[in-house]
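An overview of the molecular structure
Spelled out from the first residue to the last, the chains are:
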Amino acid sequence: ACRAEPDDGLITALLQDGRLSDDEIVIFSFDLLMAGSETTMNHLGLCMQQVVRDPALAEALRRDPRRIPAAVEEMLRWTWISGVGGQPHVVTEDLELGEAGLKRGDVAIPIPDAANRDPAAFDRPDVFLPDRAINPHLTFGHGRHLCLGAGLARVELQVGLSVLLRRFSGLQLAIPESE
């Protein structure tokens, strides 16, 4: 049902703020809807592929759905959805980043997928651990560059994975993976 009264959501706040035109808000809303649905849909497919590859994991998540949030976080860390890197950034002042020295004017391109395998941040970074307790992955970015839809994507992935596991107990790959 369509409501005639505005709510306290993001789009209403943008409308009430007045700094963006109606056209800009419509375009922003469309981008937000499309960007979130496409990436989350693709990531859910990757999550299901990971689970279907491991029938014991699928069964464990069916038996104890409370494990699904941690498993989803590990799948977000583990699957490579943006391997080409993020938005380029121009360095505004000389700095040390890890072992690399960056000079003012250099261009740095963050690669979250590589950061998600950093041995300084993750115990056994090249092992998929669905119950990983400490998981500071950067799949959704960080700080002011954190994806606006990160919370929604997490919920969608958790619910989607839960429903698919519950409804399709015999789910398997249509074509076996080659060794």
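You'll find the structure just up there.
As a convention, each chain's residues are numbered from 1 in the sequence order in which they are written. Owing to the predicted nature of the model, reporting of local features is limited to residues with pLDDT of at least 70; listing and counting of side-chain atom pairs is limited to 80 or more, with chain, interface and lining totals taken over all residues. Note that the side-chain values use all heavy atoms of the structure and ignore hydrogens as well as water.

Structural notes on the nonpolar core
Formed by 21 residues in total, the largest nonpolar core has its most connected members in Val 51, Leu 61, Val 72, Met 75, Leu 157, Leu 161 and Leu 165. Helix numbering and strand numbering both begin at the N terminus, where a helix is a DSSP run of H or I of at least 4 residues and a strand a DSSP run of E of at least 2. The set of elements that each furnish at least two residues to this core consists of α2 (22-53), α3 (55-63), α4 (68-78) and α6 (150-167). A total of six residues in this core trace back to one element, the largest contributor, which is α4. Residues in contact with Met 75, not counting those within four places in the same chain, are His 43, Cys 47, Gln 50, Val 51, Phe 128 and Leu 161. Nine residue types can take part in a nonpolar core, namely buried Ala, Val, Leu, Ile, Met, Phe, Trp, Tyr and Cys, and a core is a set of them joined through side-chain atoms within 4.5 Å. Throughout, exposure labels follow a simple rule: accessible area from a 1.4 Å probe, protein chains only, divided by the maximum for the residue type, with under 20% read as buried, over 50% as exposed, and the rest as partly exposed. For this analysis, residues touch if any pair of their heavy atoms sits within 4.5 Å.

Re the side chain of Glu 73
By the secondary structure assignment, Glu 73 is in helix α4. For Glu 73, a relative accessible area of 15% puts it in the buried group. Excluding anything up to four places from it in sequence, Glu 73 contacts Asn 135, His 137 and Arg 154.

A look at α4
Of all 11 residues that make up α4, nine are buried, and the element is covered over most of its length. Every buried residue of α4 is accounted for by Ile 68, Ala 71, Val 72, Glu 73, Glu 74, Met 75, Leu 76, Arg 77 and Trp 78.

What to know about a nonpolar patch on the surface
Only residues whose relative accessible area exceeds 30% and that form no salt bridge are eligible for patches; like-charged ones are grouped when within 9 Å, while nonpolar side chains (Val, Leu, Ile, Met, Phe, Trp, Tyr) are grouped when within 5 Å. Here the accessible surface of atoms and residues is derived via Shrake-Rupley with a 1.4 Å probe, and residues count as covered only by protein chains that are part of the display. The salt bridge definition used is simple: a Lys or Arg side-chain nitrogen within 4 Å of an Asp or Glu carboxyl oxygen. A cluster of nonpolar side chains, contributed by Leu 10, Ile 11, Leu 15, Leu 32 and Leu 148, occupies part of the molecular surface with about 450 Å² of accessible area. Of the residues forming the nonpolar patch, the biggest block, three residues, is contributed by helix α1 (residues 10-17). With respect to the secondary-structure elements, Leu 32 resides in helix α2.

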